[in-house]
Amino acid sequence: MKSYSLFAGLSLLASSASAHYIFEQLTHAGTLYAAYQYIRTNTNYNSPVTDLTSNDLRCNVGGETAGSTTTITVNAGDAFSFTADIAVYHDGPLSMYMAKAPTTAAAFDGSGQVWFKILDLGPTFNADGSSTWPLAQTYSYTIPPALPSGDYLLRIQQLAIHNPYPAGIPQFYISCAQITVTNGGTGTPGPLVSIPGFITGTEPGYTVNIYTDFTNYTVPGPAVWSGQSAGGAAATSVVGSSTVVKTVATSSTAVVVSSTTSATATATGAAVAKYGQCGGAGWTGSTVCTAGSTCTVTNQYYSQCLGWKYEEAG
Ligand SMILES: *[C@@H]1O[C@H](CO)[C@@H](O)[C@H](O)[C@H]1NC(C)=O
Ligand SMILES: [Cu+2]
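For clarity, every value in this text was computed on a predicted model and none was experimentally measured. (Residues numbered from 1 in each chain as written. Chains lettered and ligands numbered in written order. Predicted model: local features only at pLDDT ≥ 70, side-chain atom pairs only at ≥ 80, totals over all residues. Heavy atoms only, no water.)

A. Region of the structure containing the sheet that holds strand β4 (residues 79-84). As summarised here, the arrangement of the 4 strands in space is β2-β1-β4-β9, forming an open sheet in which the pairing is antiparallel. Strands with a single pairing partner mark the edges of an open sheet, and in this sheet they are β2 (31-32) and β9 (138-142). Two strands pair when backbone bridges link them, and strand β1 (residues 23-28) and β2 are joined in this way by 2 bridges, in the antiparallel orientation. By the bridge assignment for β2, H28 is matched with T31. (Pairing = 2+ DSSP bridges. Helix = DSSP H or I, 4+ residues; strand = E, 2+ residues; numbered from the N terminus.)

B. Highlighting the side chain of E24. With respect to the element layout, E24 can be found in strand β1. Here E24 falls in the buried class, since its relative accessible area comes to 17%. With residues up to four places along the chain from it excluded, the contact list for E24 reads A34, A35, Y36, I39, T83, A84 and D85. (Buried < 20%, exposed > 50% of the residue type's maximum accessible area, 1.4 Å probe, protein only. Contact = heavy atoms within 4.5 Å.)

C. Quick look at the packing of aromatic side chains. Counted by the stated rule, this structure contains 14 aromatic pairs. Taking 5.0 Å as the distance between ring centres and 85° as the angle between the ring planes, the aromatic pair formed by Y33 and Y38 counts as edge-to-face. Across the pair, exposure class does not vary: Y33 and Y38 are buried alike. Ring geometry for W133 against F214: centres 5.8 Å apart, planes inclined by 15°, an arrangement best described as stacked. Of this pair, W133 sits in the loop between β8 (131-132) and β9 while F214 sits in the loop between α3 (204-207) and α4 (235-240), and the two are 81 residues apart along the sequence. One aromatic cluster is present, formed by F125, W133, F214 and Y217 through successive ring pairs. Over the aromatic face of Y152 sits the side chain of K100, whose NZ or CZ is 5.8 Å from the ring centroid. Above the plane of the ring of Y97 lies R155, whose end atom (NZ or CZ) is 5.0 Å from the centre. (Phe/Tyr/Trp six-rings, centres within 6.5 Å; stacked < 30°, edge-to-face > 60°. Lys NZ or Arg CZ within 6 Å of the ring centre and 35° of its normal.)

D. Just unusual backbone geometry, in detail. For the peptide bond that leads from G190 to P191, omega is 0°, which places it in the cis range. Residue position: P191 is located in the loop between β11 (171-182) and β12 (193-194). The residue after I195, namely P196, is reached through a cis peptide bond having omega 0°. Looking at the element boundaries, P196 is found in the loop between β12 and α3. One non-glycine residue with positive phi stands out, namely Y36, at about 70°.

Given below as structure tokens:
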């Protein structure tokens with residue numbers, strides 16, 4: 001398993017101007033939608049946001065308004081995925097947030113103390129002292145079953161902390177989807193925070209040097225909403241069951257970075273297309289993925305056929 005050395009981290013300083021990753025496609029109910037169909041369009045090519053006081057931290061540069069992006073209807077409890085143009089390759093945590101729109105998702109700029117966090121993916125600390133980050137091209141999760149119906153912005157954020165602070169400024173890679181949630185629950189999402197303001201720059205998870213004495217990590221921002229499961233189960237069980245798989249470009253072996261024993265798929269039925277559902281609680285469809293993809297457990301509700309392309313950093 002690859003772990004980044006300080007050397008690899010520094011080499012990125014010189015090469016970071018080219019091809020970054022941007023989350024531009026949404027998957028729902030087995031359909032991978034066109035780029036920016038339900039995700040707001042950024043206007044900064046694929047450069048990250050680094051200003052902690054900027055409104056661009058909400059939905060990226062250019063993402064304060066809907067533009068030509070439309071809104072997708074999903075049920076509470078549905079699985080979804082964000083897919084980037086190329087796999088995430090800068091080390092750092094991944095989080096997902098949501099904010100309820102006062103009227104429609106399309107009309108909402110994300111202002112106010114309205115954002116709550118539904119997912120954190122941090123590093124795995126390996127026995128040999130190295131760490132592994134959840135680097136992938138697609139990140140899947142579930143609309144919280146307890147989430148009340150209504151229009152929301154659904155925000156994904158990868159915080160790249162590969163260049164040690166303060167010489168290197170952490171980079172936010174952000175996209176927002178516009179969703180209408182139906183068949184919602186009766187939960188009360190929180191804690192609620194404002195963006196910007198939710199990260200001040202003094203958090204250890206923001207300033208840490210991940211190459212030196214790196215043994216623990218807390219993802220910056222508010223706590224993950226603990227009541228998001230219908231039964232009010234602790235968020236840690238949801239977060240802990242997330243699985244990210246990456247395949248190094250030179251190898252065809254899928255490496256499970258962190259895994260769970262729940263909803264393990266067994267091979268039966270006709271092949272499921274890439275990005276389609278292949279397992280999860282209550283799933284009665286096929287659990288076989290089409291060639292080139294692997295059935296990957298996202299959480300107890302959802303497994304998805306994924307094939308990873310992982311670009312070596314550089
Ligand atoms: C690791 O844990 C220590 C002790 O609780 C804390 O002071 C430090 O900020 C933590 N580091 C990170 C990166 O979260
Ligand atoms: Cu970069």
